[in-house]
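As a plain string of letters, each chain reads:
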Amino acid sequence: MPAVTTSEPSSSDSTPRRPRPAYEKLQRRRLVGGLISPPPPEADQNADMESGDDIEGDPPMEMNVDEVPHYFPLPPKLTDEAVIKKSQASQTPTSWMNSRPPHRSIGIQSTLLTDPVPVPTLIKKAAAPRKPVSVCESVDDISTDSEEENEAIADPDYEPRESEEEDMLADDKPTAFVEMSDNNLTLLEEPKYLVTESSIRNLFSTCPKCGHEATCSKMVLGTLLSVTAVCKQCGTCRTWNNHPRVSGVPALNILLSGGILFTGSIPSKVFRLFRMLNIQCHTTRTFFRHQVQYLNEAVKKTWDEEQEQLLAATKEKELVLGGDARCDSMGHCAKFGTYVVMEMEVNKVLSLQTVQSNEVKSSYHMELEGIKRSKPLFQDHNVKALVTDRHRQVAKWIRESWKVPHYFDCWHIVKGLGKKLEKMAKKKALQPIRSWIKSIKYHLYWAVMSTPDGNPEVIREKWMGCVEHIQNRHGKCQHGPLEKQKMWLLEGTKVGDELFDVLTRKGFVNDVMKMSSLAQTSGVESYNSVLNHFAPKMVPFSYTGMRSRTQLAALHYNENAGRAQATSSTGEGRHRIDFPKHKSGGYTVKKILVRATYNYVNRCFKNMMEAVETGTKASTVEEPAPLSASCDRPNLAEAVQQWKTRFNPPTAGPSQNARTTRRSTRSRKKTRT
């Protein structure tokens, strides 16, 4: 039988560790004594050193194997040949105690030929070394590490993004010194750096000609810094600018304004950040001047070029369009409405229409106006179908004016039905409905999607089968034997009658028959989510500002809508688990996509710089009057005086005070009676 092998601690571990307590070591040796026969006397010391159990000064212990409780069968004793081989292997030229510092063993590995029985161990598993936290490490850094670990547990294929690795390298280690050569980069591609004023002053405080002290003066215009240094000894004067001008405009000023708009940032927040860090930049007023003169026109030109290409590419094919509106604020007091029309098969935005509420009767009519403005773009196209929500004005106009096949989006109808059923289930007498809500919603999806040709009569029959199933009548059902049975709701009961009234209502059934099996407007909802980044609903914008931001959102969506799924190092697709709010604790598996690209931003910068270099400023844009144009604007001084008088009424005279006192006394008497 082969000898029992012991694990030797790694030689790379040079960290001193405290020795194991004597009582724990004694218990361990007694346990091991039942497995290993005592080695020959000449090999005792070296064998103990190999196992790492003893430290210098421990006397050898004699053990009686018969007195030790055996938890599993003992192996036979070692043969003479095995003992000789073991003693020869233990003859090392240097002592183990001299080659490594005292350490703490974390366990013994054994190889047994017999079937072992579980043994209660007295050896605790060594805990993983805790990562030391440096003094300069922030709480955010620690929390970020834990988030990465959690994501790695949830997704074993998790790999840090390239941007994270690049950021860590850039922050932790400086780059090697390289020659600063002219690579013919454009002003946008050229690297830019932040420099403190003291560092610049050190560069110009000495005259390069005679080496004497020089007097430095500066001129600041937004991000532009112009430094003039005059030598006190020889009078040499030199001037330096941190960046050039383009047609008289500081280059970084216009680039910063363009970067704020093209990335969907809010200018007030960006400039507040710069003020907090005392970084010199231009003001919000200058940004809005740049936006009116150059930025809005650059975005519009970029969008017009892409829209023209998309419409030309889809002119010869049958289009399945999806449309929906998005208001800039919640409720019925929206200022702007944006109507989006997408081609659902290629998943691209083809039309954008921005409507201001004072252009129509009320904010409710903005959606109808938006689709009316979108129709002329598709006059020369073959529209196979149009999918929208159940807006009644839009449905009537399409039926009478556009005259194309019109279908309703499934998600909007299922969502509306779910809200009604959830409201009903909150009543005590209708609580049994709650267990059926999820099944009813799934059945509605199945009734539509299992009918590829969209036959309305077939969809209706499938949907009405749900009513029969809930009453435990399965003549029209297509399912097999039921594994789980819910509480059946019968006709004639209060619960059943109220539920069936909602499910079989004539208007609702007619909408179900028009539900779309061709395509859904989920892409439009995704675009609206992107638009929330470029134009948040809590921030007011001008008409041209809102139009530019909706066009930027469309450019971003069209460029990144078809992204591929990210893969792990083994080539498998990566996924993640989300817990959406609407699932009430349920989860959703989603694909992890590759990183987004921003090539449209470069095109916007290119159009902007062309306009700046040629001095072409945007002409006056025809836009609707502001909402306050129909209001009577009072004189400011009079309005302020009236406002002050309202909160500080004039002092009353003696007679009026007496009447007020008598009136209050009479009212108190009536209250007592």
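Heads up: the structure comes first, above all this text.
All of the points below concern the structure found in this document. Note that the structure is predicted; figures quoted are calculated from it, not measured. (Residues numbered from 1 in each chain as written. Predicted model: local features only at pLDDT ≥ 70, side-chain atom pairs only at ≥ 80, totals over all residues. Heavy atoms only, no water.)

## Topic: the sheet that holds strand β2 (residues 224-231)
In step 1: Reading across from one edge, β1-β2-β3 is the order of the 3 strands in this open sheet, with antiparallel pairing throughout. Of all the strands in the sheet, the pair left with one neighbour each is β1 (214-221) and β3 (237-241). The sheet shows a mean angle of 15° between the axes of neighbouring strands, direction not considered.
In step 2: Where β1 and β2 come together, 8 bridges link them in antiparallel fashion. Opposite Ala214, over in β2, you have Cys231 as the bridge partner. (Pairing = 2+ DSSP bridges. Helix = DSSP H or I, 4+ residues; strand = E, 2+ residues; numbered from the N terminus. Axes fitted to C-alpha atoms, helices over the stretch in contact; angles between N-to-C directions.)

## Some details on the sheet that holds strand β6 (residues 318-327)
In step 1: Strand order in the open sheet formed by 5 strands is β8-β7-β6-β9-β10, and the pairing between neighbours is mixed. Every interior strand has two partners, whereas the edge strands, β8 (348-356) and β10 (406-408), have only one. Neighbour-to-neighbour, the strand axes of this sheet turn through a mean angle of 25°, independent of strand direction.
In step 2: The pairing of strand β7 (residues 336-343) with β8 spans 8 bridges and is classified as antiparallel. In the sheet register, Phe336 faces β8, and the bridge partner there is Gln356.
In step 3: Its contacts with the sheet place helix α11 (residues 366-374) against β6, β7, β8 and β9 (382-388), and it is angled at close to 130° to β8. (Contact = heavy atoms within 4.5 Å.)

## A look at the nonpolar core
In step 1: Counting 49 residues, the largest nonpolar core has Phe262, Val349, Tyr527, Leu552 and Met608 as its most contacted members.
In step 2: Listed by contribution, the elements that provide at least two residues to this core are α8 (251-262), α9 (267-276), α10 (284-313), β7, β8, α18 (522-534), α19 (543-560) and α20 (599-614).
In step 3: If one sorts the elements of this core by residue count, α20 sits on top with 8 residues.
In step 4: Setting aside its immediate chain neighbours within four residues, Met608 contacts Ile254, Leu255, Gly258, Phe262, Tyr294, Leu295 and Ala298. (Core = buried A, V, L, I, M, F, W, Y, C linked by side-chain atoms within 4.5 Å. Buried < 20%, exposed > 50% of the residue type's maximum accessible area, 1.4 Å probe, protein only.)

## Here's the deal with the packing of aromatic side chains
In step 1: Under the counting rule described, the total for this entry stands at 10 aromatic pairs.
In step 2: Taken together, a centroid distance of 5.3 Å and an interplanar angle of 70° make the contact between Phe287 and Phe288 edge-to-face.
In step 3: Residue Phe288 is classed as partly exposed on the basis of its relative accessible area of 42%.
In step 4: Ring geometry for Trp397 and Trp402: centres 6.1 Å apart, planes at 70°, overall edge-to-face. Here the two residues Trp397 and Trp402 agree in accessibility, since each one is buried.
In step 5: In this structure an aromatic cluster arises from ring pairing among Phe378, Trp397 and Trp402.
In step 6: Across from the ring centre of Trp446, 5.2 Å away, lies the NZ or CZ of Lys462, which sits over that ring.
In step 7: Its end group placed over the ring of Trp436, Lys486 keeps NZ or CZ at 5.2 Å from the ring centre. (Phe/Tyr/Trp six-rings, centres within 6.5 Å; stacked < 30°, edge-to-face > 60°. Lys NZ or Arg CZ within 6 Å of the ring centre and 35° of its normal.)

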